[in-house]
Amino acid sequence: MSVKKYAVAIRDVIAEEMRRDKDVFIIGEDIAEQGGIFGCTRGLLDEFGGRVRNTPISEAGFVGAGIGAALAGMRPIVELMYMDFTYVAMDMILNQAAKLRYMYGGKASIPMVIRGQQGIGRGNAGTHSQSLEAFFVHIPGLKVAMPSNAADAAGLLRTAIRDNNPIMFFEHKALYASSCEVPDDPDFTVPFGKASVVRPGSDVTVIATSLMVSRALEAAEKLASEGINAEIIDPRTVLPLDIDTIVDSVKKTGRAVIVHEAHKTGGVGAEIASQITEKAFKYLDAPVERLGAKACTLPFSLVLEDAVVPGVDNIVEGAKTVLYK
Amino acid sequence: MSVKKYAVAIRDVIAEEMRRDKDVFIIGEDIAEQGGIFGCTRGLLDEFGGRVRNTPISEAGFVGAGIGAALAGMRPIVELMYMDFTYVAMDMILNQAAKLRYMYGGKASIPMVIRGQQGIGRGNAGTHSQSLEAFFVHIPGLKVAMPSNAADAAGLLRTAIRDNNPIMFFEHKALYASSCEVPDDPDFTVPFGKASVVRPGSDVTVIATSLMVSRALEAAEKLASEGINAEIIDPRTVLPLDIDTIVDSVKKTGRAVIVHEAHKTGGVGAEIASQITEKAFKYLDAPVERLGAKACTLPFSLVLEDAVVPGVDNIVEGAKTVLYK
Amino acid sequence: MEKKRMLKIYHDMLVIRRFEEKALKLFEENKLRGSVHLTIGQEAVPTTVCSNLGDDDYITSTHRGHGHCIAKGAEPDKALAELMGKATGYCGGRGGSMHIADVTKGNLGANAIVGAGIPIATGAGLAAQLRGTDQVAVTFFGDGASNEGVFHEGLNLASVWKLPVIFVCENNQFGISTHVSISTSVEDIAVRAKAYNIPGTVVDGNDIFAVDKAFKKALVRARKGEGPSLIECKTYRWYGHWTGDPEVYRTREEVEEWKRKCPIKRLEKYMLDEGVMDQAGIDAAHAEADRIIAEAEDFAINSPEPDPTHVLDNVYCD
Amino acid sequence: MEKKRMLKIYHDMLVIRRFEEKALKLFEENKLRGSVHLTIGQEAVPTTVCSNLGDDDYITSTHRGHGHCIAKGAEPDKALAELMGKATGYCGGRGGSMHIADVTKGNLGANAIVGAGIPIATGAGLAAQLRGTDQVAVTFFGDGASNEGVFHEGLNLASVWKLPVIFVCENNQFGISTHVSISTSVEDIAVRAKAYNIPGTVVDGNDIFAVDKAFKKALVRARKGEGPSLIECKTYRWYGHWTGDPEVYRTREEVEEWKRKCPIKRLEKYMLDEGVMDQAGIDAAHAEADRIIAEAEDFAINSPEPDPTHVLDNVYCD
Ligand SMILES: Cc1ncc(C[n+]2csc(CCOP(=O)(O)OP(=O)(O)O)c2C)c(N)n1
Ligand SMILES: Cc1ncc(C[n+]2csc(CCOP(=O)(O)OP(=O)(O)O)c2C)c(N)n1
Ligand SMILES: [Mg+2]
Ligand SMILES: [Mg+2]
């Protein structure tokens, strides 16, 4: 074990996998000399040379190039500086990467990881602060990971790079500086589709993703001080989704709150809430409570941003709502 | 009243609005001489000349041009030959059209309609048969209409063209040839956010959109023959969503089935099911049943496509499921 | 041109022609659905280009892809079965006419999204460069596709990275109903090569010798690691954009004039004049193509429909 | 150049320079967050271009947009307030540095998405053409943006429709850390005009007279309805891509060399040499700019934060 920052954990896994498998390479904007504007590729150019390439600012073009290289047998990692830029590469991701294998009758595969950061935390305003995982869950063919800590980032990313399918890997800009113990084992992986129970509890189940996990933990402490014992579950991958772990918890608590940073309307929370209700209807003492960003573009001003994205107090309230307190 | 085909009803409204307001114009692929590959602009070139323009195949470019023209005071209608092509224009739609007004502090508006057809029905396979409304509901700033018949198409499109906000208008390729009575009144509009109760009933509420409305009606006849009286609701616009009409119905029936052609996972059905459960929890005798396309790319083969998209029998089953029959 | 390759090109052109005539007939008999985009009249480009490639070279194709996939080695029977959505088709009925691929033959696939094959081929070229092989990637696309953003992004990327990619524009002068002069700001799309500092050439796309000469030049450059090239082949599609096209955008005369420029007849005349082949040989070649397509039709028609219980297979691989 | 306009350009360059120096100071004092992209060193282009435009002409801008918006008539106080996310800012704190717009002045907005302003300006030009006015639309963008697909799509569309759009590329030689030679396949981006059959010109972007001459030519062409033009202005940003940029990609010497090419000093020397202005006048102009920015700072600092209870306003309009 070593204590590592989230960004360093990611960088180290990329380096280790590139050492292990010469078919792995990485392309993206400003990832070479600069080492990525968040440092996730720092130092890789020196070790791997031409396998680490700065791209022109042309996301559809270089995501498409990743797809072509993958079809031709390589294992590309494509860094998007902000996952918001999936918008300019959406056809390549949702019509090509996600569909080609199926449309080709299973006769091709696209082992590719599209990774980058999303979310709030830098005052980048509406087009650089979104959380977009819901899109990639709706259209079949991709897998979607969103690690909430350095260890999961390392374990999930290694799983992603070794997976033979196209993966959307959502890091969070506000987590890059966070650190925790990360296993040194160069084969340490975290499986997709296995949620982690971050905090065991008995009164209410709180399902939280990415940055919201830490807020949920804070909320749990506040709730504990009021005698409410919350169980917190981090799905870690929203596709595949480990609904069983979630449903087992809800059957125990009878109450569920889902919190994500993405917009509440049409977010992954709606899917999870629906599945919980479908699978644990008789156990629910209250309707599943969904928390997510309000229905407006993320504002630049910090006071406004705070009013839009769920905070600790909103999670506390949410838990009390389903407990009718 | 005159009986009109869905495609003709759309064409006539575009023509009437272009006559009424010289700021309205339309651009898109093959809409001029050809009149659109589905005939929705047939004859408009002769009457309106340069206000009806064929675009190069460059969707991001001409959707962006629509945004710029709207910011500059015009009222563009942008036809996408297939709404699947929103993927190549996604940044223009979700980062620009949806957000600019808000990010500019309300100091600009974008009165623009992006319209075109989606869905199954022509054997166009995976990239030309999708139903994508969910994306435009998740990101704030747009309104989303999906008419299920010629009269609604006419009334909703006129509302859309006269609205001062960017509108996503989802027609359905399999409905263009369908016809019904359409009011002749050149000011006939159907308001956004007002669902229509297509068939009154008492035992189960079926919420259906676009092409699925006709399938739900067929299912209702089958159910009636078994003594089950289904109420069918067509939201007509999924954003804004008329949740009140839906919830009132569910409070009456205690049971709800949602059916859409889009993929079930992460579809609009998850949002509607969650809202129903949140607002009518105590009234529900069963969890809301969701029906949507299976989690695979839409296959080319008709037998396979039929296995993926909800059919009449699936809706009948769905109703029986929530009735525990 | 070596006789062997000339005969291969001739054979492939005939097979593509018959294949599509058959597809059209089956469509008109309602035995086949979807949008079938016929490449009849344009056969010289895919056949000549692919006659220069090995199975380990890559191509990406378009919605009008039957020619490319047959020229790159697809078997007509499995291809026709795919057009009919049969279980025995290349994609097991999942993809249809617009998604035939055969990675084992270097065909990375037809693509229903205009322009999408361009960056994908660019990536295949990147794979070759990273592995240090002399493989090349060829992407076929239309005049209309040259106005899509991915055309720009793909060519710029290939140029700055000196990738072994050959961009082959089949300028058949229309994107559906829209004439190239209305959609495209330059008369010769090859001029756009200047925007990427790479060679650009215009050739008569109905003349296999002209296409061959230009392609060979680009191929040498690519295999030597000197970077990409853009080749514009002027040609014409005889049939509508898709089956059922009203063709309001052109005159019958224009179509007839182009039919007189048939690439197959043109090659036949050359071979007869030069004594490469006699009339008997030509008749035999036609008979052979007829036989292949007749067998393909039998195979496709007698193949089973896909099994719906397996519809969820192959969304992911292990 | 008319003296009046020269003085306006000079004044605006000074205000932009002081505005950004102030923004940088406020950022370093943590009174301001987000990514602030300084245009210091590049002031000649926006000021000269906009000195030729009326309030009814349109511009679209970029993430590096302070220069464009001030040159197009934005008030420094409301602009600085927006950078600080205050209620009194142009966007009421909703947009920040990268989204300042003022449609009443023809500024259709800065844009945080690279290249996005290009098709939007193209559409503004379309509006002018449809209304039959002689308005023009100008879009500013960087060297890096010229590799995005929307650049290609916007220029092609403007060319085929002969729209009154002027594409102004501010080539400051880097996209963040990536030198133009690594990202862009041509040495002069203006060459890409050939791909759209429109005029393309390269000018010294730090010389207001060179920029003015080229822009006037494009302006006449646009107002006459003869179509778009592409102008590439070679320039350089003195500061990092954004505040906090390690600047691993260039030497201090290179930066110093460009500082010697300061567009403001250059104009001052010209005005002194030509007797357009004396030192007293220059000192007065500096004092005036200092005063404007000092007032803007007071205004911004003393402005209230936005009211969170109104955060959902303006998602839609009636
Ligand atoms: C992104 C995208 N836009 C539009 C279409 C619809 N479409 C299919 S083929 C076609 C015309 C393509 O023209 P061209 O590239 O010249 O190829 P051709 O059909 O002439 O072979 C269009 C517009 C599409 N499939 N994809
Ligand atoms: C579509 C998109 N891709 C990437 C980015 C991240 N980004 C912001 S500015 C920038 C560099 C832009 O370079 P250039 O166009 O030369 O403008 P400059 O910053 O030099 O003024 C990049 C890559 C973005 N904002 N949008
Ligand atoms: Mg064509
Ligand atoms: Mg630059």
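Residues numbered from 1 in each chain as written. Chains lettered and ligands numbered in written order. Predicted model: local features only at pLDDT ≥ 70, side-chain atom pairs only at ≥ 80, totals over all residues. Heavy atoms only, no water.

### Section: the sheet that holds strand 7 (residues 167-172) of chain A
Residue and element names in this part refer to chain A. Within the open sheet, the seven strands sit side by side as 3-2-4-5-7-6-12. Their pairing is mixed. In this open sheet, the two strands that pair with only one neighbour each are strand 3 (52-54) and strand 12 (237-239). Averaged over all adjacent pairs, the angle separating strand axes in this sheet is 20°, with direction ignored. Looking at chain direction, strand 4 (residues 75-80) and strand 5 (residues 113-118) are connected through four bridges and run parallel. In the sheet register, L80 faces strand 5, and the bridge partner there is G116. Lying over the sheet, helix 1 (residues 6-20) contacts strand 2 (24-28), strand 3, strand 4, strand 5 and strand 7, oriented at roughly 135° with respect to strand 2. (Pairing = 2+ DSSP bridges. Helix = DSSP H or I, 4+ residues; strand = E, 2+ residues; numbered from the N terminus. Axes fitted to C-alpha atoms, helices over the stretch in contact; angles between N-to-C directions. Contact = heavy atoms within 4.5 Å.)

### Details of helix 6 (residues 149-160) of chain D
Every α-helix winds through 3.6 residues per turn, so residues three or four apart in the chain are directed the same way. Residue and element names in this part refer to chain D. Between its terminal C-alpha atoms helix 6 stretches 17 Å, which fits the 16 Å expected from 12 residues at 1.5 Å a residue. Within helix 6, 11 of the 12 residues are buried, which leaves it mostly tucked inside the rest of the structure. G149, V150, F151, H152, E153, G154, L155, N156, L157, A158 and S159 are the residues of helix 6 that are buried. Positioned one or two residues after helix 6, K162 has a phi angle of 50°, which is positive. (Expected span 1.5 Å × (residues − 1). Buried < 20%, exposed > 50% of the residue type's maximum accessible area, 1.4 Å probe, protein only.)

### With respect to the environment of S210(B)
Considering the arrangement of structural elements, one finds S210(B) in the loop between strand 10 (204-208) and helix 8 (212-225). As for S210(B) and A174(B), which are separated by 36 residues in sequence, their C-alpha atoms are 9.7 Å apart.

### A look at the interface of chain A and chain B
Where interface size is given, it is often the accessible area lost as the parts come together that is meant. The partner chain B presents 49 residues to the 49 residues of chain A that form the contact. For the pair chain A and chain B, the two sides together bury roughly 4000 Å², of which 64% comes from carbon and sulfur. Taken as a group, Y87(A), H138(A) and F281(A) account for 18% of the area that chain A buries against chain B, more than any other trio of residues on that side. If you look at where chain A meets chain B, you find four salt bridges. Residues E278(A) and R290(B) are paired through a salt bridge, measuring 2.7 Å at the closest nitrogen-oxygen approach. (Buried area = accessible area lost by both parts, 1.4 Å probe. Salt bridge = Lys/Arg side-chain N within 4 Å of Asp/Glu carboxyl O.)

### Focus: the site of ligand 2
Around ligand 2 there are 21 residues in total, and E59(A), H63(D), R64(D), A112(D) and F174(D) lie nearest to it. Surrounding ligand 2 are residues belonging to chains A and D, so the site spans chains. Contacts to ligand 2 include A112(D), whose backbone N or O atom sits 2.8 Å from a nitrogen atom. Contact with the protein chains hides 97% of the accessible area of ligand 2, taken as 580 Å² for the molecule alone. (Near = heavy atom within 4 Å. Polar contact = N/O pair within 3.5 Å; in protein donor to acceptor, adjacent residues only side chain to side chain. Areas by Shrake-Rupley, 256 points an atom, 1.4 Å probe, with all protein chains shown as cover.)

### A closer look at the interface of chain B and chain D
Across the boundary between the two partners, chain B contributes 43 residues, which contact 38 residues of chain D. Summing both partners gives a buried area of about 3200 Å² for chain B against chain D, and 64% of it is carried by carbon and sulfur. The largest contributions to the chain B side of the interface with chain D come from R53(B), Y102(B) and Y104(B), which together make up 22% of the buried area. Put simply, chain B and chain D have zero salt bridges between them. Applying the counting rule to chain B against chain D returns 15 residue pairs in polar contact (both at pLDDT 80 or more). Of all the secondary structure elements, the ones that give two or more residues to the side of chain B that touches chain D are strand 2 (24-28), strand 3 (52-54), helix 3 (59-71), helix 4 (90-97) and helix 5 (100-103) of chain B.

### Quick look at the pattern of salt bridges
Where charged atoms of side chains with opposite charge meet at close range, the side chains can pair. Per the counting criterion, the structure on display carries 91 salt bridges over all chains. In this structure, E305(B) and R33(C) form a salt bridge, with 3.7 Å as the shortest nitrogen-oxygen distance. Of this pair, E305(B) sits in helix 11 (residues 302-308) while R33(C) sits in the loop between helix 1 (3-28) and helix 2 (44-50), on two different chains. Judged by relative accessible area, R33(C) falls into the partly exposed class, the value being 23%.

### Section: the confidence of the model for chain C
Across chain C, the average pLDDT comes to 97, with 100% of residues at or above 70. This complex was scored by the predictor with a pTM of 0.98 and an ipTM of 0.98. (pLDDT = per-residue confidence, 0-100.)

### Describing the coordination of the magnesium ion (ligand 3)
Residue and element names in this part refer to chain C. Coordination of the magnesium ion (ligand 3) by the protein involves D143 (OD), N172 (OD1) and F174 (O), with metal-donor separations of 2.1 Å. Counting gaps between the donor residues of the magnesium ion (ligand 3) yields the pattern D-x28-N-x1-F. In this pair, D143 sits in the loop between strand 2 (137-142) and helix 6 (149-160) while F174 sits in strand 4 (residues 174-175), placing the two residues 31 residues apart along the sequence. In terms of burial, D143 and F174 fall into one category: buried. (Donors = N, O, S within 2.8 Å, 3.2 Å for Na, K, Ca; no water.)

### Quick word on the environment of D203(B)
Residue and element names in this part refer to chain B. Assignment of secondary structure puts D203 in the loop between strand 9 (196-199) and strand 10. Judged by its relative accessible area of 24%, D203 is partly exposed. Spatially, the C-alpha atom of D203 lies 9.3 Å from that of V250, the residues being 47 residues apart in sequence. Those residues within four positions of D203 in sequence are excluded, and the remaining contacts are G227, I228, N229, T253, R255 and L323. Among the polar contacts made by the side chain of D203, one reaches the side chain of S202 at a distance of 3.4 Å.

### Quick look at helix 10 (residues 268-280) of chain B
Residues and elements named next belong to chain B. Taking 1.5 Å as the rise per residue, helix 10 with 13 residues should run 18 Å; its terminal C-alpha atoms sit 18 Å apart, in good agreement. Of all 13 residues in helix 10, 11 are buried, a share of seventy percent or more. Regarding helix 10, the residues found buried are V268, G269, A270, E271, I272, A273, S274, Q275, I276, T277 and A280.

### What about the nonpolar core?
Of all hydrophobic cores here, the largest spans 333 residues; its most connected members are I67(A), F136(A), I276(A), I67(B), F136(B) and I276(B). Leaving out residues up to four positions away in the same chain, I276(B) has contacts with I207(B), I243(B), I246(B), V247(B), V250(B), A256(B), I258(B), F281(B), L284(B) and V288(B). (Core = buried A, V, L, I, M, F, W, Y, C linked by side-chain atoms within 4.5 Å.)

### Thoughts on the coordination of the magnesium ion (ligand 4)
All names here are of chain D. Summarising the metal site, the magnesium ion (ligand 4) is bound by the protein donors D143 (OD), N172 (OD1) and F174 (O), whose distances to it range over 2.0 to 2.1 Å. In the primary sequence, the donor residues of the magnesium ion (ligand 4) line up as D-x28-N-x1-F. Of the two residues, N172 and F174, neither departs from the other in class, the shared state being buried.

### Observations concerning the relation of the copies chain A and chain B
Mapping chain A onto chain B calls for a screw motion: a turn of 180° about the axis and a shift of 0.0 Å along it, with 0.0 Å RMSD after fitting. Look at the turn and shift together and you get a two-fold axis relating the two. Nearest to the rotation axis, the C-alpha of A270(A) is located 2.6 Å from it, this being the minimum over chain A. Counting the interface residues of chain A, we find that 100% of their copies in chain B are interface residues as well, pointing to one common contact surface. (Least-squares fit on C-alpha atoms with pLDDT ≥ 70 in both.)

### Focus: the sheet that holds strand 9 of chain B
Residue and element names in this part refer to chain B. Strand order in the open sheet made by the five strands is 9-11-10-13-14, with mixed pairing throughout. One side of each edge strand has no neighbouring strand; the edge strands of this open sheet are strand 9 and strand 14 (289-293). Going from strand to strand, the sheet's axes swing by 25° on average, the running direction of each strand aside. Where strand 10 meets strand 13 (residues 256-263), four bridges bridge the pair, whose relative direction is parallel. Within strand 13, the position partnered with I207 by the bridge is I258. In the packing of helix 10 onto the sheet, contacts are made with strand 10, strand 13 and strand 14, and the angle to strand 13 comes to roughly 160°.

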